[in-house]
Amino acid sequence: MATVSPLLETHGLGRSFGGLRAVDGVDFSLPEGETHAIIGPNGAGKTTFVSLICGRVAPTEGRVVFDGQDISKMPAHKRVRAGIAYTFQITSVFANLTAFDNVALAVQRQLIDDHERGLSAHALTEHGLDALEKVGLAEHAHKVAGNLSYGHQRLLEVAMGLALRPRLLILDEPTQGLSDSEIENFVALVRQIGEEATVLLIEHNMDVVMALAERITVMEQGRILAQGAPAEIRANQAVQQAYLGG
Amino acid sequence: MTRLTPSTKSIALHIGVVFALLALNFLLPEYHRGVFARVLVLAVFAMGYNLAFGYTGLLSLGHAMFFAAGLYGAGLTIYHLEWSVWPAFGTGLAAGAALALVVGFLALRTTGVAFMIVTLMFAQVFYLMTLYFTTYTRGEEGLVLPQETRVLGFSGGMLDLSDPSTRYLVALSLFTLVLAAILFLVRAPYGRSLIAIRENEERMRMLGYDVFANKLASVVISGIFCAASGAAYAVLFGYVGSGFAAIQYSILPLLWVLVGGAATTLGPLIGTLFMFYVIDTASSYTTAHLMVVGLVLIGVILFFPKGIIGTVRERWLPWLP
């Protein structure tokens, strides 16, 4: 790979909750354009780790570097503007609003940033529908989000992330609770997203991980246990014992 | 006939309400015109409160301090410095804005119950200060602004604010301005962001919104509207006293907004008007009027759980803003 400098790096990144070291001195590097999966048993610190990256949780030690810039002290909303989007593990759409209005909230802020002060209804509609189109929800644009099926709410969550036009999209267990056919569509969707953005994926479903990830990081007890291409991870003894049920 | 869009319907409704209120100036008997003038001024207070509470979801128990900041900002400068009404009114607004900025900056570090308590404490400090500086404020007894100070220079002439018709029309003008401002705000992208913050703050943060700054702006705008109401109260009714800074005046706007409908543009007016007339009517029949008021409130909660306008919107008129 002809990588210049990685899009995202962490150096000795850690977070303790009381005596528990949820994330323990993690050094991690993610090249631009890669689709990377983080796996590991429950409580391994995966969600805490990505929360440190997107700024929802403050680190107790270490640094986060995004696109060459130290963002360790940057508040979450500024990291989003810098290009890091996070989709919630627990579906977190605005249930009272329509699917379109949910996405419009993401687009609206972007347009304000771009100083398109007019917030032309046209641009808002276009960008919003574009994001819904990508996840295949265009026909449900004017349904109230709370009335959508669970699978569609998960897709809406991703659409909100996409509407931010992120450089790094973090997906926290996106396929949880989806049916097999929905998962199939989801894999196709993430593959398509991966062509334009860097994707960091926390996932339990190994079929999804193997289908999507170019590289995999295995976490256990807040540390990185192993890292490598899917085939290497599958063959790794330690991983098999810790996680794959060896 | 072409079908009206929700947006034209709602704007037409608001213009209609303002014209109806204008007509009432010429139709209402003297006593009721006085009540309506008072209600219009206090409805501005309620609308300001509604922006923070209804739209942004910030349950403050200290908004009396913003009302009183406007009241004293205008009243003290007129009484002691003999300022004319316009600069005094401006001072009231500035006092409210500055206070809201400082209190908001500190109180918004908390949420939920802690936010209620912190705002309550700040308001108590403000109330106690009005008593402490009794040399200037005359505390509970208050100050009566002489009639000759309450004249408003307007397009060359002088308006006597103690004249019932002038007072009503000035109150209605302020009400209309604030109503238009609120209507504009809640339909603008900023208003939609506030509602979304109320619904799911964490989600908005992860969409890149500066939640703290948005909430602070909401508190400051809310504080300015409440101060405008207080300053107008001082110059229109000529009385400035500590009672307006007390805890009751933090609870009343909450009550008015809940009865009328939180996060509705017309709810604060309806709630304020309704409560005024319930108390007025009940107390003309019995000394136990608070019992009647309590019963009526229970009825309202039973049949209009989201407030009068809020429930009308939910059941019949979904386009109401």
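Parameters and conventions
Residues numbered from 1 in each chain as written. Chains lettered and ligands numbered in written order. Predicted model: local features only at pLDDT ≥ 70, side-chain atom pairs only at ≥ 80, totals over all residues. Helix = DSSP H or I, 4+ residues; strand = E, 2+ residues; numbered from the N terminus. Rg over C-alpha atoms; globule rule 2.2 N^0.38 Å. Buried ≥ 20, exposed ≤ 12 C-beta atoms within 10 Å, placed from the backbone. Contact = placed C-beta atoms within 7 Å. Nonpolar A, V, L, I, M, F, W, Y, C, P; charged D, E, K, R; others polar. Pairing = 2+ DSSP bridges. Axes fitted to C-alpha atoms, helices over the stretch in contact; angles between N-to-C directions. pLDDT = per-residue confidence, 0-100. Core = buried A, V, L, I, M, F, W, Y, C linked by C-beta atoms within 7 Å. Expected span 1.5 Å × (residues − 1). Left-handed = near helix turned anticlockwise from the far one by under 90°.

On a plain count of helices and strands, chain A comes out with nine helices and ten strands. In terms of overall size, chain A behaves like a compact globule, its C-alpha atoms giving a radius of gyration of 18 Å where 246 residues would be expected to give roughly 18 Å. Viewed in the frame of its principal axes, chain A has a C-alpha envelope of about 55 × 40 × 40 Å. Per-residue burial for chain A yields a buried fraction of 42% across its 246 residues. For chain A, long-range pairs separated by at least 24 residues make up 66% of all intrachain contacts whose partners lie at least 6 apart in sequence.

The next point concerns the overall build of chain B. Tallying secondary structure elements over chain B gives 14 helices and four strands in all. Radius of gyration (C-alpha) of chain B: 19 Å, near the 20 Å computed for a compact globule of 321 residues. On the principal axes, the C-alpha backbone points of chain B span a range of 50 × 50 × 50 Å. Counting the 321 residues in chain B, one finds 45% classified as buried. Considering only contacts in chain B between residues 6 or more positions apart, those separated by 24 or more positions represent 75%.

Turning next to the interface of chain A and chain B. At the junction of the two partners, chain A supplies 15 residues and chain B supplies 13 residues. Of all the elements in the fold, those that place two or more residues in the side of chain A that touches chain B are α2 (76-82) and α3 (99-113) of chain A. In terms of residue class, the side of chain A that touches chain B is made up of nine nonpolar, four polar and two charged.

Turning our attention to the environment of W319 of chain B. All names here are of chain B. Secondary-structure assignment places W319 in the segment after α14 (308-315). On the basis of neighbour counts, which here come to 13 C-beta atoms within 10 Å, the residue W319 falls in the partly exposed class. For W319 and L61, which are 258 residues apart along the polypeptide, the C-alpha to C-alpha distance reads 30 Å. In this structure W319 touches P6, K9 and S10, once residues within four positions along its chain are discounted.

Another point: the pairing of strand β2 (residues 151-154) of chain B. Residue and element names in this part refer to chain B. Sheet topology note: the β2/strand β3 (residues 157-160) ladder contains four bridges and is antiparallel. Counterpart to L152 in the pairing with β3 is L159. Two successive antiparallel strands, β2 and β3, enclose a turn made up of two residues, where S155 displays a positive phi of approximately 40°.

Turning next to the sheet that holds strand β1 (residues 8-17) of chain A. Residue and element names in this part refer to chain A. What the four strands build is an open sheet, ordered β2-β1-β4-β5; its pairing is antiparallel. Of all the strands in the sheet, just β2 (20-30) and β5 (69-70) have a single pairing partner and so form its edges. In this structure, β1 lies alongside strand β4 (residues 61-66), joined through five bridges in antiparallel fashion. Among the inter-strand pairings, L8 is bridged to a residue of β4, identified as F66. The strands touched by helix α1 (residues 46-54) are β1, β2 and β4; relative to β2, the strand with the most contacts, the crossing angle is about 60°.

Next up on the list: the confidence of the model for chain B. Per-residue confidence for chain B gives a mean pLDDT of 93; residues scoring 70 or more make up 99%. This prediction of the complex comes with two scores: 0.90 for pTM and 0.87 for ipTM.

Take the nonpolar core next. With 165 residues, the main nonpolar core has V103, A159 and I170 of chain A together with A227 of chain B as its most contacted residues. When sequence neighbours within four positions are dropped, the list of residues in contact with V103 of chain A reads G128, A131, L132, A159, M160 and A163 of chain A.

Right, let's talk about helix α13 (residues 289-303) of chain B for a bit. An ideal rise of 1.5 Å per residue puts 21 Å on 15 residues; α13 of chain B measures up with 21 Å between its terminal C-alpha atoms. Among the 15 residues that make up α13 of chain B, one are buried, leaving the element largely open to the surroundings.

All names here are of chain B. Interaxial distance between helix α3 (residues 64-81) and helix α4 (residues 85-107) falls to 7 Å at its minimum, and their mutual angle equals 145°. Crossing geometry of α3 relative to α4 is assigned as right-handed. Note on element contacts: α4 touches α3 through A88, F89, T91, G92, L93, A94, A95, G96, L99 and A100, opposite M65, F66, A69, G70, L71, G73, A74, T77 and I78. Class assignment of the residues belonging to the contact of α3 with α4 gives a composition of 13 nonpolar, six polar and no charged.

Moving on: the environment of V239 of chain A. You can see V239 of chain A is positioned in helix α9 (residues 237-244). For V239 of chain A, a count of 21 C-beta atoms within 10 Å translates into the label buried.

With that settled, the discussion passes to the environment of A43 of chain B. Residue and element names in this part refer to chain B. Position of A43 relative to the elements: it lies in helix α2 (residues 30-55). Classification of A43 by C-beta neighbours within 10 Å gives buried; the count is 30. Between the alpha carbons of A43 and P268 there is a distance of 5.7 Å; along the sequence they are 225 residues apart. Setting aside residues up to four positions removed in sequence, A43 forms contacts with F175, P268, L269 and T272.

Residues and elements named next belong to chain A. The backbone of D67 sits at a positive phi, close to 55°, despite the residue not being glycine. Residue placement: D67 occurs in the loop between β4 and β5. We classify D67 as partly exposed; it has 16 C-beta atoms within 10 Å. Within the chain, Q221 stands out as a residue other than glycine whose phi angle is a positive 50°. Mapped onto the fold, Q221 is located in the loop between β9 (215-220) and β10 (223-228). Residue Q221 is classed as partly exposed on the basis of its 16 C-beta neighbours within 10 Å.

Within a sheet, neighbouring strands are paired by backbone hydrogen bonds and run either parallel or antiparallel to one another. All names here are of chain A. Read across the open sheet, the six strands follow the order β6-β7-β8-β3-β9-β10; overall the sheet is mixed. Only two strands of the sheet have a single partner each, and these edge strands are β6 (84-87) and β10. Across the sheet, the axes of successive neighbouring strands diverge by a mean angle of 20°, strand direction being ignored. Those strands touched by α1 are β3 (35-39), β6, β7 (168-172), β8 (198-202) and β9, and its axis lies near 150° from that of β7.

The subject of this paragraph is helix α5 (residues 150-163) of chain A. All names here are of chain A. Spanning 14 residues, α5 covers 20 Å between terminal C-alpha atoms, matching the ideal 20 Å at 1.5 Å per step. Within the sequence span of α5, burial applies to H152, Q153, R154, L155, L156, E157, V158, A159, M160, G161, L162 and A163. Immediately downstream of α5, the backbone of R165 shows phi near 50°, a positive value.

So, about the pairing of β8 of chain A. Residues and elements named next belong to chain A. Of all five residues in β8, five are buried; the element is thus mostly enclosed. Neither face of β8 is left uncovered, since the one carrying T198, L200 and I202 and the one carrying V199 and L201 both have all their residues buried. In this sheet, β8 lies alongside β3 in parallel orientation, the contact comprising four bridges. Note that in β8 the partner of T35 across the bridge is V199. Note: β7 against β8, five bridges, orientation parallel.

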